[in-house]
Amino acid sequence: MPADDGRDRPRGEKGREAFRTISEVADELDLPQHVLRFWESKFSQIKPLKRGGNRRYYRPDDVTLLRAIKALLHADGYTIKGVQKLFKAQGLRATVAQALGLEDDTVAPEADVAAAEETADSSAADEGTPTSMAALESLLRDLKAIRAKLD
């Protein structure tokens, strides 16, 4: 497939891999901007890039994740806690693929790293058991190794 160099797009239209502002994402998903900001507070996996003046710029993977969350909440009838549990149980990548009817390998692998970080953060808090510093450091090393392989 040829690279999207922008020559076949109408003038002023962004490429598929371009970052999007919150207003562009809100329009694309037919959601109010405040809903996107609220979802950011409920789903730590949504991490838009923030620039000057705290302006949000969503990566294509962020938009895919938001699209999946919208489908799970609005079309499938899940609650926010239900979607969080799905992410924890199935993994972010598998849940997004299922929600959007995609093949699991078409969802960005970065989603798995975010899911692993989220699972590690929430599992220690959920179980209420003390976690040793050595175990956390080991987990961090593993996550960094995974991230390095992805880059």
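S.K.: What is the right way to look at the side chain of T21 in this model?
M.R.: Locating T21 in the fold gives a position in strand 1 (residues 20-21). Residue class for T21 comes out buried when judged on its relative accessible area of 12%. Of the polar contacts made by the side chain of T21, one reaches the side chain of S23; its length is 3.1 Å.

S.K.: Looking at this structure, how should I read the sheet that holds strand 3 (residues 55-58)?
M.R.: What holds strands together in a sheet is hydrogen bonding between their backbones, with the strands either parallel or antiparallel. Reading across from one edge, 1-3-2 is the order of the three strands in this open sheet, with antiparallel pairing throughout. Each edge of the sheet is formed by a strand with only one pairing partner; in this case those strands are strand 1 and strand 2 (49-51). One ladder, built from three bridges, connects strand 2 with strand 3; its direction is antiparallel. For R51, the partnering residue across the bridge sits in strand 3 and is R55.

S.K.: Is there a simple way to explain the pairing of strand 3 in this structure?
M.R.: Working note: regular strand, side chains alternate between the two faces of the sheet. Of the two faces of strand 3, the one holding R56 and Y58 is buried and the one holding R55 and Y57 is not buried anywhere. In this structure, strand 1 lies alongside strand 3, joined through two bridges in antiparallel fashion. The partner of T21 across the bridge, within strand 3, is Y57. Where strand 2 folds back onto strand 3 in an antiparallel hairpin, the turn is made up of three residues, including G53, whose phi is positive at roughly 70°.

S.K.: Is there a simple way to think about the packing of helix 3 (residues 60-75) against helix 5 (residues 92-100) in this case?
M.R.: How two helices sit against one another is set out by the angle between their axes and by the gap between those axes. Where helix 3 contacts helix 5, the two axes come as close as 9 Å, and the packing angle between them is 65°. Helix 3 and helix 5 meet at a crossing whose hand is left-handed. Note on element contacts: helix 5 touches helix 3 through L92, T95, V96, A99 and L100, opposite T64, L65, R67, A68, A71 and L72. In terms of residue class, the contact of helix 3 with helix 5 is made up of eight nonpolar, two polar and one charged.

S.K.: I keep staring at the packing of aromatic side chains and nothing clicks. Help me out?
M.R.: Each pair of aromatic rings is reported with the distance of its centres and the angle of its planes. One pass over the structure, following the stated rule, counts one aromatic pair. Between the aromatic rings of F43 and F87, the centroid separation amounts to 5.9 Å while the plane-to-plane angle is 70°, which identifies the pairing as edge-to-face. Residue F43 is found in the loop between helix 2 (33-42) and strand 2, and its partner F87 is found in helix 4 (residues 80-90); the two are separated by 44 residues along the sequence. With respect to burial, F43 and F87 carry one shared label: buried.

S.K.: Explain the pattern of salt bridges to me, please; I cannot follow it from the model alone.
M.R.: Oppositely charged side chains can pair when the atoms bearing their charge come close. In the structure shown here, the tally under the stated rule is four salt bridges. Here E28 makes a salt bridge to R20, at a shortest N to O gap of 3.6 Å. We classify E28 as partly exposed; its relative accessible area is 39%. Between R67 and E28 there is a salt bridge, and its shortest N-O distance comes to 2.5 Å. Taken together, the residues span a long stretch of sequence, with R67 in helix 3 and E28 in helix 1 (residues 22-29) at a distance of 39 residues. Using a relative accessible area of 32% as the deciding quantity, one classes R67 as partly exposed. Within the structure, one salt-bridge network assembled from shared partners comprises R20, E28 and R67.

Conventions used here
Residues numbered from 1 in each chain as written. Predicted model: local features only at pLDDT ≥ 70, side-chain atom pairs only at ≥ 80, totals over all residues. Heavy atoms only, no water. Helix = DSSP H or I, 4+ residues; strand = E, 2+ residues; numbered from the N terminus. Buried < 20%, exposed > 50% of the residue type's maximum accessible area, 1.4 Å probe, protein only. Polar contact = N/O pair within 3.5 Å; in protein donor to acceptor, adjacent residues only side chain to side chain. Pairing = 2+ DSSP bridges. Axes fitted to C-alpha atoms, helices over the stretch in contact; angles between N-to-C directions. Left-handed = near helix turned anticlockwise from the far one by under 90°. Contact = heavy atoms within 4.5 Å. Nonpolar A, V, L, I, M, F, W, Y, C, P; charged D, E, K, R; others polar. Phe/Tyr/Trp six-rings, centres within 6.5 Å; stacked < 30°, edge-to-face > 60°. Salt bridge = Lys/Arg side-chain N within 4 Å of Asp/Glu carboxyl O.

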